[in-house]
Each structure stands twice: as C-alpha cells, then as structure tokens.
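# Descriptive structure summary
Here is what each chain is made of, one letter per residue.
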Amino acid sequence: MAEPILSTAGLTRRFGALAAVSEVSLAIRRGTITGLIGPNGAGKSTLFNLLTGALYPDAGTVALAGEDLTRLPPDRRFGLGLGRTFQIPRPFARMSVLENVMLAPMGQTGERVIGPILFPGRVRGEERRIRERALEVLDFVTLRPLADHPAGKISGGQMKLLELARVLMGDPKVILLDEPAAGVNPVLTEMLIGKIEELNRQGKTFVIIEHDMDFIMRHCDPVIAMAEGRVIFEGTAAEARANPALLDAYLGAPVGE
Ligand code: ADP
Ligand code: MG
C-alpha cells in the first residue's frame, strides 16, 4: 500500500471515565473518499477534532503525509493541508457570504499586527488577492449569486457549501466532512457530491462522516466503522452493509438522528 496521506497510531481521548476515542490506528489512503460510519456517540466527531487539533489526545499520534501533527494547533494543521467542515455549520451570521469566505485563513500578512503598519501596500494587494480567490471559490460551490447575502440567512444546505468554500481557501490535501448531507435537501446534496467528486478527481482526499448508508454505498470507498470509541471495521461499503458486528453496533446504539 502507498504511504497513507493521513494516519493515526494509538489515538486516545477520554472525557472523564469515558474513552470517546480509544486506541485508534488508521491509515487514510491518498486519493480516496473514505467513509466513516458508526452509531451516535461512537466517537466519530471526536476523532475529527483530534485530527484537526480542536482537541488534543491523551495518547497517540496524528500524521499528515508523514509529518507529525500531534502537537500542532489547528491553524498550523490547516496551513499544512488539513481542512474540515463542522456537523453544525457556524458562520458569522451578520457578515456576508463573501466576507465569511474571505476570513478563512490563507496565511495573509494582514493578520499579523505588524503587517499593516510596515507593508500597507502589500496588505491591500493581499486583500484584493483574497477577495478574488474567495469569489472564485464561491463560483465553484455555486454560491456566487449569494456573495453579498448575510450568511445567517442562507439555507442549511447552502451553509454546508459555504463551509466547503471556506475549507477550499486553504488549498487542502485532505478534507474532513462531518455529516455533509444531514438536513440538506436532495438537490443540494447531489450538488455537493458533484463538487466532492470533482475535487477528488483533482487529487484531494476526503474523509466523510455520514449516517446515510445509501450515500456511503454510492460515494465512499473504503469505509471505516467505529463503535464505542474503537475502529470495528474497515472494508468496502458492501462489506460494511453485510457485516454482523456492525449491525450489532447499530442495533445496540441509542435511537437517534
Ligand atoms: P459521534 O460523532 O460518533 O456521534 P462523538 O465523538 O460526538 O460521537 O461523541 C463520542 C462520545 O464522547 C459521546 O459519548 C459523547 O457524549 C462524548 N463527548 C463528545 N464530546 C464531549 C465533550 N466535549 N465532553 C464530554 N463528552 C463528550
Ligand atoms: Mg458526530
């Protein structure tokens, strides 16, 4: 197998007595759309938080393209090519769609306090560059007509596209999507999938948490399943569907979502 683009070894995170993620060792293959499934509370979102640096592990390591990320803060990981969207999108509601995208970090000089003082010309130049890039990205996700709308006023599905746009500002190698289809109408879901597949053909790797098994079956290969903080299955979507341990994990889980 080729060197994985994203990997973990022995990754563990406890909340009090609960091991939300327990001894997880994973290798995400470059160029895949990997599905991550498992019942509610399995630890999927916590795993994403550990990958992106929103949470730090009690034990274990995270590596991107062979580089150890374990102690790096989220912005450094984003800068190295690891992007994610949230299960519940949280845009700055009163800012416009365009402003929300422009705020996504790209390593601009203007962020540093000293930048605007020493290099005012460069800051203006960078702002123009960021704006152009943001408009390009909005075009790609089909939100350009809504560029000047307040981000709080767009639909749930459009917010997922906005999240994707923000992630694309960083030119990520790997994109983690937490339940991209949840609460999104079928037309926008198809649109989003089309964009994911286009980006995948351009070489981007995806890891997608999704409950909808039809979505997983049609778009993800391989599939990884978690239950009670552990990885309990890795294989194709068809194998996942036929796996008795997985069925048990879902049947034993609290009903929800
Ligand atoms: P999933 O995304 O698979 O539904 P989560 O990763 O959100 O699961 O949660 C895994 C377990 O960890 C759950 O039991 C959840 O209640 C718990 N958990 C998640 N985040 C926290 C937190 N910040 N504090 C305490 N417990 C948490
Ligand atoms: Mg979750």
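Residues numbered from 1 in each chain as written. Chains lettered and ligands numbered in written order. Predicted model: local features only at pLDDT ≥ 70, side-chain atom pairs only at ≥ 80, totals over all residues. Heavy atoms only, no water.

This part covers the pattern of salt bridges. What the rule picks out here adds up to five salt bridges. Across the salt bridge formed by Lys 204 and Asp 171, the nearest N and O atoms sit 3.1 Å from each other. One end of the pair, Lys 204, is in the loop between α7 (186-201) and β8 (205-209); the other, Asp 171, is in the loop between α6 (156-168) and β7 (174-178), with 33 residues separating them in the sequence. Two residues, Glu 190 and Arg 218, come together in a salt bridge whose shortest N-O distance is 3.7 Å. Note that Glu 190 is positioned in helix α7 and Arg 218 in helix α8 (residues 213-219), a separation of 28 residues in sequence. Arg 218 gets classed as exposed once you look at its relative accessible area, which sits at 53%. (Salt bridge = Lys/Arg side-chain N within 4 Å of Asp/Glu carboxyl O. Helix = DSSP H or I, 4+ residues; strand = E, 2+ residues; numbered from the N terminus. Buried < 20%, exposed > 50% of the residue type's maximum accessible area, 1.4 Å probe, protein only.)

This next bit is on the pairing of strand β9 (residues 223-227). Both faces of the sheet carry side chains from a regular strand, because those side chains alternate between them. In terms of burial, β9 is a largely internal element, five of the five residues being buried. Of the two faces of β9, the one lined by Val 223, Ala 225 and Ala 227 and the one lined by Ile 224 and Met 226 are each fully buried. Bridging between strand β3 (residues 33-37) and β9 involves three bridges; their strand directions are parallel. Residue pairing across strands places Ile 37 opposite Ala 225, the latter belonging to β9. Relative to strand β10 (residues 230-235), β9 runs antiparallel, the two sharing five bridges. Each residue of the ladder has a partner; that of Ala 227, found in β10, is Arg 230. (Pairing = 2+ DSSP bridges.)

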